[in-house]
Amino acid sequence: MERAVLVRSLSCSSASVNRLFFRSYHRLSRSTPSSPFPPHHKRLLPNVSRRSALRHHWRRISPSPSPSPFYLKRYFSSLSPRAVSTPSHASPPEIGGSQDEVAEKLGFAKISEQMIEECKSKAVLYKHKKTGAEVMSVSNDDENKVFGIVFRTPPKDSMGIPHILEHSVLCGSRKYPLKEPFVELLKGSLHTFLNAFTYPDRTCYPVASTNTKDFYNLVDVYLDAVLFPKCVEDLQTFQQEGWHYELDNPSEDISFKGVVFNEMKGVYSQPDNILGRMAQQAMFPDNTYGVDSGGDPRVIPQLTFEEFKDFHRKYYHPSNARIWFYGDDDPNERLRILSEYLDSFDANLASEASKVESQKLFSEPVRIVEKYPAGEGSDLKKKHMVCLNWLLSDKPLGLETELALGFLDHLMLGTPAAPLRRILLESGLGDAIVGGGVEDELLQPQFSIGLKGVSEEDIQKVEELVMNTLKKLADEGFDPEAVEASMNTIEFSLRENNTGSFPRGLSLMLRSLGKWIYDMDPFEPLKYEKPLQSLKAKLAEVGSKAVFSPLIEKFILNNPHRVTVEMQPDPEKASRDEAAEREILEKVKASMTEEDLAELARATHELRLKQETPDPPEVLRSVPCLSLHDIPKKPIHVPTEIGEIGGVKVLQHDLFTNDVLYTEVVFNMSSLKQELLPLVPLFCQSLLEMGTKDMDFVQLNQLIGRKTGGISVYPLTSSKRGSEDPCSHIIVRGKAMAGRAEDLFNLVNCILQDVQFTDQQRFKQFVCQSKARMENRLRGSGHGIAAARMDAKLNVAGWVAEQMGGISYLEFLRTLEEKVDQDWNGISSSLEEIRISLLSRQDCLVNMTGDGKILTNSEKFLSKFVDLLPVKQPSKTNSWDARLSPVNEAIVVPTQVNYVGKAANIYETGYQLSGSAYVISKYIGNTWLWDRVRVSGGAYGGFCDFDTHSGVFSYLSYRDPNLLKTLGVYDGTVDFLRELEMDDDTLTKAIIGTIGDVDSYQLPDAKGYSSLLRYLLGVTEEERQQRREEILSTSLKDFKDFADAIEAVKEKGVVVAVASPDDVAAANEERNNFFEVKKAL
Ligand SMILES: [Zn+2]
């Protein structure tokens, strides 16, 4: 979804920013190590975004506010569709005979029907009689409707067939014979979710929308795409999305191109990903998980078009499909739509052929060593990684056991205070955790844990420490307070059911599939209440030790199916891989005759011509679209009352939140000294993880876990339109059940005022973790790093943000690591200085979201909190006047693919903001950049971003095989706009798609948060209305006029690329030292 997200980030001046921050708030939930197992590959970029990535330091949270959709996956993640979003009085649709009759008439047999209290839904499982397709139809009053069709697609090799198919079926179908119906939907629908995922054993195609007409349009396009795609007859789609040889001119070198090929090159450049893949393949040598469904770039070019077509024929068949519907639409209509598609198929044996066999357990542990690409000349001493992995069982586990394992995972690793996590980090043996703990998305559950940033001689110590700690936990059990904190966190998240920007129905679907896809009961994972209560009763009865110790012993300590993966840095690996690829290509070229080469050059041109030729308008019209009449004329209203308590401004949003209070306490950062800025993220982490005089940090964390739904602290920085000074704040964000409002405010006060900055060793860990995280981001989200760097050259807010999250921050951390040992007192007093300059009643603002009664009841606790804040002399604002030098920069990292950016401030050219800019930016991203950077350029993504607060318009690419060529595409945007011709349908689509972004679906806490950000950034309701009208009345002339504005980017834009050393050297040779080179890894 990333691409849409990024486009969206510029699509509405305020709500967009909000949504991004909101999203990251949820991402951070997984404050535990990120999973080493790439569970799936997405058609669009992963959910990282430049602004959220930078300005919001989401990881500082303790304990996690709510497990993310992938956290304790099957049970604790998500879920009751309406528990929060809508008042709970409407009853679910009636269970009546008529529906059954309709189903029967349409060819569906009812298998089972159940009420799911946990999500206030009626769920009916059908089987399509003719083909055997299974359909789960879930009805409730959630307006955010979800559809998904899922096929079991276990690969036999690592050529990436499932992944390439996932990309390709969305490139045109029987009813929608255009190049990419998927892109048309991105452009012109109101979707709240649109993407596709490849797992190791299944491929999912989900869509969501709150508009019923739009929803059925999306469903129809997706069904036609998966069942009747053009790609199985079209070699060129396979070449474009999979792989092909490219040769512009017979005298030049041949190269490999292909979207998936480059996407996977990017994946294989990230050490964490390599580690996860190695571990999975070594743990499952005998079944389908032993190969890579995403595709190994060294193997992808062995794939033939025949094999690709065969795979589709075999597995993309109704007999092998599981179909999900969810929401408040008519359940009969769902079956009617399906029968039209399914009836044209006969049953086949795909469902037998696609069964996933289980891996037998080993009798002996296994150990593997692998190299990963490290930067040349970088310090390799502390760059090893080691991870221990267990396959927990070869038989399905009972529901209660699975639940208990999930709970155990949270206890051991779920928060910074969790013992396994804490002990590993405190050991000083490594910089950060690797391994995702318990993983239960595949047929058999696994457990993995380890460290990165380890010295070679410490590898064995890490292994011993993991084993000894697990043994100690089994012997001694867990602290009762920790158990209570975990239980509260889990129950809170179930009750809150906050899936962030992820539709609730999709979260439920993925959960149900965890069993359904293996022919087990699809209802079971939706019904957590009973097993949870019985686990709770058992804990109360026999104590936590009697519950958890046997699990640790049986599944981990005494389990011989253990795979230890050690990863060694290899500075020559990247260039060796490149050389190997070049050698293959040279051989290919040498084996070709002159005629062959001429033919290849011809085919290359033909493919590019096809890619760059737009679809004819009549074909584009085949994709259904809403009309402007379907679009509300007013922006989404968020009730906001602005008042004052004890001299502090308070914003209140009266929204139904199912008895949860959400609050943000905001402090203005502008009185901070400039040189303290890079310390701010670590200051925020210290507030939550350092402890007070009376409580060590473990106790403080447990207290937060027991009393609240989570507290996080992070800086937020943005430009403000019309102002030189940045908008720069530190936000303390928290949530609790209404009855705990007093505890929540007490705890916020405690972390702000009582935390002591005295724990040198812990602080050093924070520095190491942050460094490891930044290094990981540099490889995985280089576009975010490049964007931050460009912003830092163009405005003060960008500079501030880069100090706290960009390359400058990484450099600061590297120096700080030594300084902690030499001058801890100095650092400690700097942290204190930040606190003193920050905490002041005058510079404070509070935001609260909840229903009226909760808000009123909370006021007295807020008032007490405010009274405790110091009153200071009106603080003088420090003017931070700094920017990075505006030279073109290449940040060199060991990677096989690049991230290329170019940006300029278009307000400086006199451009006046109009809502049409959102429409136009989105359009550029979905047409010109998509076609040239992704489709014909072979990058995974290309997009543009207009920050309406600062005026910075930027282009970015993601996992891009090109460098200078991509810059040429960016510069071509001006002419693209000037020469643009557009019929009314296309324009309407562009407008509707933009409104879809602006109005994207938000849960109540996100609405309240969005409103806060609008307030901080000075975006008024009048302005929102005005922008909306400008969006709705966008004309072709606006596009042409916009070309003049972005000409500034072409003419004087600054360029930053995160790129491979070879590509940078070549570019500097070609363009006379175009880049100033900076080595970062
Ligand atoms: Zn992909």
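In every chain, residue numbers begin from 1 and rise along the written sequence. Reporting of local features is limited, given that this is a predicted model, to residues whose pLDDT is at least 70; pairs of side-chain atoms are given and counted only at 80 or more, and all residues count toward the totals for whole chains, interfaces and linings. Heavy atoms throughout the structure, all of them, feed into the side-chain values; hydrogens and water do not.

Caption draft 1: Structural detail: the overall build of the protein chain. Only DSSP runs of H or I reaching four residues or more are called helices, and only runs of E reaching two or more are called strands; each is numbered from the N terminus. Counting its regular elements, the protein chain contains 40 helices and 29 strands. All radius of gyration figures rest on C-alpha atoms, and the globule criterion is 2.2 Å times the number of residues raised to 0.38. Over its C-alpha trace the protein chain gives a radius of gyration of 28 Å, about what one expects of a compact globule, namely 31 Å for 1081 residues. Projected onto its principal axes, the C-alpha coordinates of the protein chain cover approximately 80 × 65 × 65 Å. For every residue, the accessible area (1.4 Å probe, protein chains only) is compared with the maximum for its type, and the residue is labelled buried under 20%, exposed over 50%, or partly exposed between those bounds. Relative to its 1081 residues, the protein chain shows a buried fraction of 67%. For the protein chain, long-range pairs separated by at least 24 residues make up 84% of all intrachain contacts whose partners lie at least 6 apart in sequence. Positive: Lys, Arg. Negative: Asp, Glu. His and the chain ends are not part of the count. Every charge is mapped onto a representative atom, which is NZ of Lys, CZ of Arg, CG of Asp or CD of Glu. In the protein chain, 127 side chains carry a positive charge and 153 a negative one; their mean positions are 2 Å apart. Here a residue-residue contact requires only that any non-hydrogen atoms of the pair lie within 4.5 Å.

Caption draft 2: Structural context of the pattern of salt bridges. Any carboxyl oxygen of Asp or Glu that lies within 4 Å of a side-chain nitrogen of Lys or Arg is treated as forming a salt bridge with it. Counted under the stated rule, the structure contains 76 salt bridges. Here Arg 422 makes a salt bridge to Glu 426, at a shortest N to O gap of 3.5 Å. Of this pair, Arg 422 and Glu 426 both sit in helix H15 (residues 419-426), four residues apart, roughly one helical turn. Take Glu 426: its relative accessible area is 37%, and that puts it in the partly exposed class. With a shortest N-O distance of 3.0 Å, Asp 577 and Lys 573 are connected by a salt bridge. Placement of the pair is Asp 577 and Lys 573 together in helix H21 (residues 573-590), with a separation of four residues, close to one helical turn. Residue class for Asp 577 comes out partly exposed when judged on its relative accessible area of 23%. For Lys 573, a relative accessible area of 12% puts it in the buried group. One salt-bridge network, held together by shared partners, links Arg 152, Arg 322, Glu 352, Lys 355 and Asp 519.

Caption draft 3: How the structure looks around the sheet that holds strand E24 (residues 889-892). The pairing criterion is simple: DSSP has to find at least two bridges between the two strands. Ordered by their spatial adjacency, six strands build an open sheet running E26-E27-E25-E28-E24-E29, and the pairing between neighbours is mixed. Two strands close off the open sheet at either side, each with one partner strand: strand E26 (941-947) and strand E29 (1076-1079). For this sheet, the mean inter-axis angle between neighbouring strands, taken without regard to orientation, is 15 degrees. Where E26 lies against strand E27 (residues 952-958), seven bridges are found, and the strand directions are antiparallel. A fitted line through C-alpha atoms serves as each axis, taken over the contacting stretch for helices, and the angle formed by two N-to-C directions is quoted from 0 to 180°.

Caption draft 4: Structural view of the confidence of the model for the protein chain. In predicted models, pLDDT denotes the confidence assigned by the predictor to each residue on a 0 to 100 scale. For the protein chain, per-residue confidence averages 89 on the pLDDT scale, and residues scoring 70 or more make up 91% of the total. Long-range and interchain partners of residues 1-39, a stretch whose pLDDT sits below 50, account for 171 contacts in this model, where long-range means more than four residues apart. Below a pLDDT of 50 lies the segment residues 45-96, which in the model reaches 237 contacts outside its immediate sequence neighbourhood of four places, other chains included.

Caption draft 5: Structural detail: the coordination of the zinc ion. Each metal's donors are the N, O and S atoms found within 2.8 Å of it, except that Na, K and Ca use a 3.2 Å limit; water is left out, so coordination can look incomplete. Protein ligation of the zinc ion involves His 163 (NE2), His 167 (NE2), Glu 263 (OE) and Glu 263 (OE), the donor distances falling in the range 2.0 to 2.6 Å. Angle rules define the geometry names used: all angles between 85 and 135 degrees makes four donors tetrahedral, while opposite donors over 155 degrees apart and all other angles between 65 and 115 make four donors square planar and six octahedral, leaving every other case irregular. Seen from the zinc ion, its four donor atoms lie at angles of 54 to 157 degrees, and the figure they make is irregular. Spacing between the donor residues of the zinc ion along their common chain follows H-x3-H-x95-E. Within this pair, His 163 and its partner His 167 are both found in helix H5 (residues 161-168), separated by four residues, close to a single helical turn. Under the relative-accessibility criterion, His 167 is labelled buried at 0%.

Caption draft 6: Summary view of the side chain of Ser 728. Tracing the sequence through the fold places Ser 728 in strand E22 (residues 727-737). Those residues within four positions of Ser 728 in sequence are excluded, and the remaining contacts are Phe 667, Asn 668, Met 669, Ser 670, Leu 716, Thr 717, Val 800 and Trp 880.

Caption draft 7: Molecular detail of the layout of surface pockets. As a volume, the largest pocket reaches approximately 1000 Å³. Those elements giving two or more residues to the lining of the largest pocket turn out to be strand E11 (255-257), helix H9 (259-267), H21, helix H34 (964-971) and helix H40 (1061-1070). By residue number, the principal contributor to the lining of the largest pocket is H21, which donates six residues. Of the residues in the lining of the largest pocket, the class split is 10 nonpolar, five polar and 15 charged. In this analysis the probe radius is 1.4 Å and the grid spacing 1 Å, with only protein atoms considered; a cavity is a set of points the probe fits into but cannot get out of, a pocket is an open set with protein on both sides within 12 Å along at least five of seven lines, and lining residues have an atom within 4 Å of a point. Grid points are joined across faces, edges and corners, and a volume is the space filled by probe spheres set on the points. In the scheme used here, Gly and all other residues not listed as nonpolar or charged are polar, with Ala, Val, Leu, Ile, Met, Phe, Trp, Tyr, Cys and Pro taken as nonpolar and Asp, Glu, Lys and Arg as charged.

Caption draft 8: Here's a closer look at the nonpolar core. What is meant by a nonpolar core is a set of buried Ala, Val, Leu, Ile, Met, Phe, Trp, Tyr and Cys residues, joined one to another through side-chain atoms within 4.5 Å. Ile 751 and Phe 763 are the most contacted members of the largest nonpolar core, which totals 90 residues. Counting 71 residues, the second-largest nonpolar core is a separate cluster that includes Leu 165, Ile 254, Tyr 316 and Leu 335.

Caption draft 9: Representation of the packing of helix H28 (residues 782-794) against helix H29 (residues 796-803). Where H28 meets H29, the axes come as close as 6 Å, and the angle between the chain directions of the two elements is 135 degrees. Taken together, H28 and H29 sit at an angle that is classed as oblique. Handedness of the H28/H29 crossing: left-handed. Residues Ala 788, Arg 789, Asp 791 and Ala 792 of H28 lie in contact with H29, whose contacting residues are Gly 798, Trp 799 and Glu 802. Should an angle fall under 35 degrees it is taken as roughly parallel, and over 145 as roughly antiparallel, whereas 65 to 115 is taken as roughly perpendicular and any remaining angle as oblique. Handedness of a crossing is defined here by the sense of rotation of the near helix relative to the far one, left-handed for an anticlockwise turn of less than a right angle and right-handed for a clockwise turn.

Caption draft 10: Here's a closer look at unusual backbone geometry. If you check the backbone angles, Lys 120 has positive phi at about 45 degrees while not being a glycine. Along the polypeptide, Lys 120 turns up in the loop between strand E3 (108-116) and strand E4 (121-128).

Caption draft 11: Up close: the environment of Glu 426. In sequence terms Glu 426 and Glu 233 are 193 residues apart; their C-alpha atoms lie 57 Å from each other. If sequence neighbours within four positions are ignored, Glu 426 has contacts with Phe 697, Arg 762 and Gln 765.

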